[in-house]
Amino acid sequence: MNNDSAEELNKSQSDPAQEKAKSDSEWREELDPEQFHVLREKGTERAFTGKYWDLKDAGTYRCAACGEPLFSSDTKYDSGSGWPSFYQPADAASVKELADHSHGMIRTEVTCAKCDSHLGHVFPDGPPQTGLRYCVNSASLDFEKQEEGDAE
Ligand code: FE
């Protein structure tokens, strides 16, 4: 096994307590500066600048910090916002929702349940399936394309 695949394996099997205990300096080593700012300092990328807002490929969006599967392309839709938008998480337990009163707004922040990293916000103006819009930063996500011929 080479180092890359060992690292991937560690990522997918990492335990939540270990992820939540990571220090800023550990995260800085693992993440690029924009990912660190968004995931660990609750930053927001500029609209229409992220790598996934317009992506329509089939696959899974994982947490860019801990690798946990967070959203499926099946629930991604074009919200016109310039950020990747989903009407539901891959699993209700994979994200946490928290009241956020910063920047003079009342919003609901969405974080990764496994590592507590910031993902974005959820708004009550989504499509009919759920009425919710999970507005997520591309910088918080790692897209894993579905292999050709994979069963649904
Ligand atoms: Fe995470």
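Residues numbered from 1 in each chain as written. Predicted model: local features only at pLDDT ≥ 70, side-chain atom pairs only at ≥ 80, totals over all residues. Heavy atoms only, no water.

A. Looking closely at the side chain of Lys76. Topologically, Lys76 is positioned in strand E3 (residues 76–77). Asp54 provides the closest opposite charge to the buried, unpaired Lys76, separated from it by 6.5 Å. Those residues within four positions of Lys76 in sequence are excluded, and the remaining contacts are Tyr52, Trp53, Asp54, Leu55, Tyr61, Pro84, Ser85 and Phe86. (Helix = DSSP H or I, 4+ residues; strand = E, 2+ residues; numbered from the N terminus. Buried < 20%, exposed > 50% of the residue type's maximum accessible area, 1.4 Å probe, protein only. Lys, Arg positive; Asp, Glu negative; His and termini not counted. Salt bridge = Lys/Arg side-chain N within 4 Å of Asp/Glu carboxyl O. Contact = heavy atoms within 4.5 Å.)

B. Up close: the environment of Val122. Within the secondary structure, Val122 sits in strand E7 (residues 118–123). For the pair Val122 and Ser85, spaced 37 residues apart in sequence, the C-alpha separation works out to 9.3 Å. Excluding residues within four positions of it along the chain, Val122 makes contact with Glu97, Thr108, Val110, Leu132, Arg133 and Tyr134.

C. Inspection of the nonpolar core at higher detail. Membership of the largest hydrophobic core comes to 23 residues, with the highest contact counts inside it found for Leu70, Phe71, Tyr134 and Leu141. Those elements giving two or more residues to this core turn out to be helix H4 (33–41), strand E1 (59–63), strand E2 (69–72), strand E6 (107–112), E7, strand E8 (133–136) and strand E9 (141–145). When sequence neighbours within four positions are dropped, the list of residues in contact with Tyr134 reads Phe71, Pro84, Ser85, Phe86, Tyr87, Gln88, Pro89, Val95, Glu97, Val110, His121 and Val122. (Core = buried A, V, L, I, M, F, W, Y, C linked by side-chain atoms within 4.5 Å.)

D. Fine view of the packing of aromatic side chains. Throughout the structure, instances matching the rule amount to 7 aromatic pairs. Consider the rings of Tyr61 and Phe86, whose centres lie 5.2 Å apart with planes at 70°: the pair is edge-to-face. With Tyr61 in strand E1 and Phe86 in strand E4 (residues 85–86), the pair connects residues that are 25 residues apart, well separated along the chain. Phe86 matches Tyr61 in its accessibility class, with the two residues each being buried. On the numbers, 4.7 Å between centres and 50° between planes, the contact of Tyr61 with Phe143 is tilted. Here Phe143 lies in strand E9 and Tyr61 lies in strand E1, a separation of 82 residues in the sequence. Each member of the pair Tyr61 and Phe143 is classed as buried. The side chain of Lys22 reaches across the aromatic face of Trp27, ending 4.6 Å from its centre. (Phe/Tyr/Trp six-rings, centres within 6.5 Å; stacked < 30°, edge-to-face > 60°. Lys NZ or Arg CZ within 6 Å of the ring centre and 35° of its normal.)

E. Examining the coordination of the iron ion more closely. The iron ion binds to the protein through Cys63 (SG), Cys66 (SG), Cys112 (SG) and Cys115 (SG); the donor distances cover 2.3 to 2.4 Å. One way to put it: the 4 donor atoms around the iron ion meet at angles of 102 to 115°, and that makes the site tetrahedral. Along the chain, the residues donating to the iron ion are arranged with the sequence spacing C-x2-C-x45-C-x2-C. Of this pair, Cys66 sits in the loop between E1 and E2 while Cys115 sits in the loop between E6 and E7; the two residues are 49 residues apart in sequence, bridging distant segments of the chain. Judged on exposure class, the residue Cys66 and its partner Cys115 are both buried. (Donors = N, O, S within 2.8 Å, 3.2 Å for Na, K, Ca; no water. Tetrahedral: all angles 85-135°; square planar, octahedral: opposite > 155°, others 65-115°.)

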